[in-house]
Amino acid sequence: GENVEQHPSTLSVQEGDSAVIKCTYSDSASNYFPWYKQELGKRPQLIIDIRSNVGEKKDQRIAVTLNKTAKHFSLHITETQPEDSAVYFCAASIGYSSASKIIFGSGTRLSIRP
Amino acid sequence: SAVISQKPSRDICQRGTSLTIQCQVDSQVTMMFWYRQQPGQSLTLIATANQGSEATYESGFVIDKFPISRPNLTFSTLTVSNMSPEDSSIYLCSVGGTSGREQFFGPGTRLTVL
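Q: Just give me the short version of the nonpolar core, but keep the residues and values in it.
A: Counting 26 residues, the largest nonpolar core has Trp34, Ile46, Phe66, Ile68, Tyr91 and Leu111 of chain B as the members making the most contacts within it. Mapped onto this core, the elements with two or more residues apiece are strand E3 (19-25), strand E4 (31-37), strand E5 (43-50), strand E8 (75-80), strand E9 (89-96) and strand E11 (109-113) of chain B. The biggest single contributor to this core is E3 of chain B, with four residues. If you look at the next biggest cluster of nonpolar residues, it comprises 24 residues, including Phe33, Leu66, Leu75 and Ile112 of chain A.

Q: Got a sec to walk through the interface of chain B and chain A? Specific residues and values, please.
A: With 22 residues of chain B at the interface, the matching set in chain A holds 24 residues. Taken over both partners, the interface formed by chain B and chain A buries close to 1,900 Å², and the fraction arising from carbon and sulfur atoms is 53%. Considering only the surface of chain B that becomes buried against chain A, Arg101, Gln103 and Phe105 of chain B emerge as the three largest contributors, covering 40% of it. Where chain B packs against chain A, one counts one salt bridge. Residue Glu58 of chain B pairs with Lys101 of chain A through a salt bridge whose shortest N-O separation is 3.0 Å. On inspection of chain B and its partner chain A, the count reaches eight residue pairs in polar contact (both at pLDDT 80 or more). Only E4, E5, E9 and strand E10 (103-105) of chain B provide two or more residues apiece to the side of chain B that touches chain A. Class assignment for the residues of the side of chain B that touches chain A results in nine nonpolar, nine polar and four charged.

Q: Could you give an account of the packing of aromatic side chains, with specific residues and numbers?
A: Residues and elements named next belong to chain A. According to the stated counting rule, one finds twelve aromatic pairs over all chains in the structure shown. Seen from their ring centres, Tyr36 and Phe104 are 5.4 Å apart, and the 55 degrees between their planes marks the pair as tilted. Of the two residues, Tyr36 is situated in strand E4 (residues 32-38) and Phe104 in strand E10 (residues 102-104); the sequence distance between them amounts to 68 residues. The class of Tyr36 is buried, set by a relative accessible area of 1%.

Q: Lay out the pairing of strand E7 (residues 62-67) of chain A in plain terms, naming residues and giving numbers.
A: Residue and element names in this part refer to chain A. Both strand E6 (residues 56-59) and E7 contribute to a ladder of four bridges, which runs antiparallel. For Lys58, the partnering residue across the bridge sits in E7 and is Ala63. What sits between the antiparallel neighbours E6 and E7 is a turn of two residues, in which Gln60 has the positive phi angle 60 degrees. Taken together, E7 and the strand that follows it, strand E8 (residues 72-77), pair antiparallel across an intervening segment of four residues, in which Lys71 is found at a positive phi of about 60 degrees.

Q: Go over the sheet that holds strand E7 (residues 68-72) of chain B with me, naming the residues and quoting the values.
A: Residue and element names in this part refer to chain B. Here we have four strands laid out as an open sheet, ordered E1-E3-E8-E7, and antiparallel in their pairing. In this open sheet, the two strands that pair with only one neighbour each are strand E1 (4-7) and E7. On average, each strand axis in the sheet is inclined to that of its neighbour by 15 degrees, with strand direction left out of account. Taken together, the four bridges between E1 and E3 define a ladder with antiparallel strand orientation. Looking across to E3, one finds that Gln6 is bridged to Cys23.

Q: If you had to explain unusual backbone geometry to someone new, which residues and values would you point to?
A: The phi torsion of most residues other than glycine is negative, and most of the peptide bonds are trans. Cis geometry marks the peptide bond from His7 of chain A to Pro8 of chain A; its omega dihedral reads 5 degrees. Inspection of the secondary structure puts Pro8 of chain A in the loop between strand E1 (4-7) and strand E2 (10-14).

Q: Can you tell me about the sheet that holds strand E3 (residues 19-25) of chain A, naming the residues and giving the values?
A: Residues and elements named next belong to chain A. Reading across from one edge, E1-E3-E8-E7-E6 is the order of the five strands in this open sheet, with antiparallel pairing throughout. Here the strands that pair on one side only, and so sit at the sheet edges, are E1 and E6. Averaged over all pairs of adjacent strands, the angle between strand axes in this sheet comes to 15 degrees, irrespective of strand direction. As judged from the six bridges shared by E3 and E8, these two strands associate in the antiparallel manner. Across the sheet, residue Val20 finds its bridge partner in E8, namely His76.

Criteria and thresholds
- Residues numbered from 1 in each chain as written.
- Chains lettered and ligands numbered in written order.
- Predicted model: local features only at pLDDT ≥ 70, side-chain atom pairs only at ≥ 80, totals over all residues.
- Heavy atoms only, no water.
- Core = buried A, V, L, I, M, F, W, Y, C linked by side-chain atoms within 4.5 Å.
- Buried < 20%, exposed > 50% of the residue type's maximum accessible area, 1.4 Å probe, protein only.
- Helix = DSSP H or I, 4+ residues; strand = E, 2+ residues; numbered from the N terminus.
- Contact = heavy atoms within 4.5 Å.
- Buried area = accessible area lost by both parts, 1.4 Å probe.
- Salt bridge = Lys/Arg side-chain N within 4 Å of Asp/Glu carboxyl O.
- Polar contact = N/O pair within 3.5 Å; in protein donor to acceptor, adjacent residues only side chain to side chain.
- Nonpolar A, V, L, I, M, F, W, Y, C, P; charged D, E, K, R; others polar.
- Phe/Tyr/Trp six-rings, centres within 6.5 Å; stacked < 30°, edge-to-face > 60°.
- Pairing = 2+ DSSP bridges.
- Axes fitted to C-alpha atoms, helices over the stretch in contact; angles between N-to-C directions.

Spelled out as structure tokens, the structure:
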């Protein structure tokens, strides 16, 4: 089955700097890659996603890139702010609808230093 | 996105007992997913529940330990049976969105087994 690896497990950056989180997946059939943010004591929230027919997607300060050949994808957060502090999970999914199961990476705890 | 509620939000249980967690969605959905999040860990898929059929369990999870019901398109239950302290986790349900591949999570049930 699909396996998603994520690194680093923890990341501390100065406020205003950029943060990058990287993930690899094992199953070349995976075609959907969401990213979730989980604040302490709260549910995971979808922040951005990318499909396999797209190489990059941006949403304000957040961008995700996908390299299908290498089977890796990354989350980039620019101009980091204190509210970006959270645990971030990458994930991968095979299928063509929201009925497809999602497999999660191990998570990255991001801390923003003031 | 769908509005998802879970009951109970938290519970403290004695070992050897069972707890049933409810997940209610405000719209009809094809698939509902149950995840476990152990303390400080990622989300692990327990099973996929399709209305009118047996749930599909992931490797390492069995129906006798985690029976699931899916009586209609807006509701599902997960039972954690014969609990031990190792079952202490947050249990979350998720459902797919209506516009694409995204999935959204319920608020979770925090279970502590003594």
